[in-house]
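# Survey of secondary and tertiary structure
Here are the chains, one letter per residue:
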Amino acid sequence: MSIQISPALHTPLTDLGGGMIHAQNGSCAIFEQNVLRCFDAYGFKLAPKKCPDMFDDLHECIYKGKQLRRIELMTKERNRQIKGGELQGSDKYIPSIGIDGL
């Protein structure tokens with residue numbers, strides 16, 4: 001995975017907009033901190049080689065590739081079962097919990 005830390009063209013506008021592209025707020029904050037600690041420990045060139053698992057975890061947290069693929073496979077399987085007649089009538093979908101169910 002290739003990570004570009006600094007922009008190719010450095011201007012005051014890149015300084016202004018650079019703070020908007022991060023994962024420091026929310027569920028991916030811990031993963032980004034781990035990656036930044038790796039950069040601090042090993043430097044820009046060695047960090048991707050020394051800590052590939054941390055980079056992969058951050059990438060998965062931000063883009064959710066495995067999660068989306070799993071949802072896609074479950075949807076295909078449910079559609080296959082409906083088409084094959086394994087699920088019929090009210091078994092096709094789970095019942096709604098209603099408005100006040102949460």
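Keep in mind the model is a prediction, meaning the values are calculated, not measured. (Residues numbered from 1 in each chain as written. Predicted model: local features only at pLDDT ≥ 70, side-chain atom pairs only at ≥ 80, totals over all residues. Heavy atoms only, no water.)

### So, the overall build of the chain
- If you tally the helices and strands in the chain, you get 4 helices and 0 strands.
- Listing every helix and strand of the chain by position from the N terminus yields α-α-α-α.
- Buried residues in the chain amount to 13% of all 102 residues.
- Taking the intrachain contacts of the chain between residues at least 6 apart in sequence as the baseline, contacts between residues at least 24 apart amount to 36%.
- When the accessible surface of the chain is summed, it comes to about 8,700 Å², and 58% of that surface belongs to carbon and sulfur atoms. (Helix = DSSP H or I, 4+ residues; strand = E, 2+ residues; numbered from the N terminus. Buried < 20%, exposed > 50% of the residue type's maximum accessible area, 1.4 Å probe, protein only. Contact = heavy atoms within 4.5 Å. Areas by Shrake-Rupley, 256 points an atom, 1.4 Å probe, with all protein chains shown as cover.)

### Focus on the environment of Tyr42
- Relative to the helices and strands, Tyr42 resides in helix H2 (residues 29-50).
- On the basis of relative accessible area, Tyr42 is assigned to the partly exposed category, the value being 39%.
- Residue contacts for Tyr42: discarding those within four places in its chain leaves Ala47, Lys50 and Cys51.

### Looking at the packing of H2 against helix H3 (residues 52-63)
- Packing of H2 against H3 leaves a shortest axis separation of 9 Å and a crossing angle of 135°. With respect to their mutual orientation, H2 and H3 come out oblique. Along this stretch, H2 crosses H3, giving a crossing that reads as left-handed. Every residue of H3 that contacts H2 at Phe31, Glu32, Asn34, Val35, Cys38, Phe39, Ala47, Pro48, Lys49 and Lys50 is listed here: Pro52, Met54, Phe55, Asp57, Leu58 and Cys61.
- A class-by-class count of the residues in the contact of H2 with H3 yields 11 nonpolar, 1 polar and 4 charged. (Axes fitted to C-alpha atoms, helices over the stretch in contact; angles between N-to-C directions. Parallel < 35°, antiparallel > 145°, perpendicular 65-115°, else oblique. Left-handed = near helix turned anticlockwise from the far one by under 90°. Nonpolar A, V, L, I, M, F, W, Y, C, P; charged D, E, K, R; others polar.)

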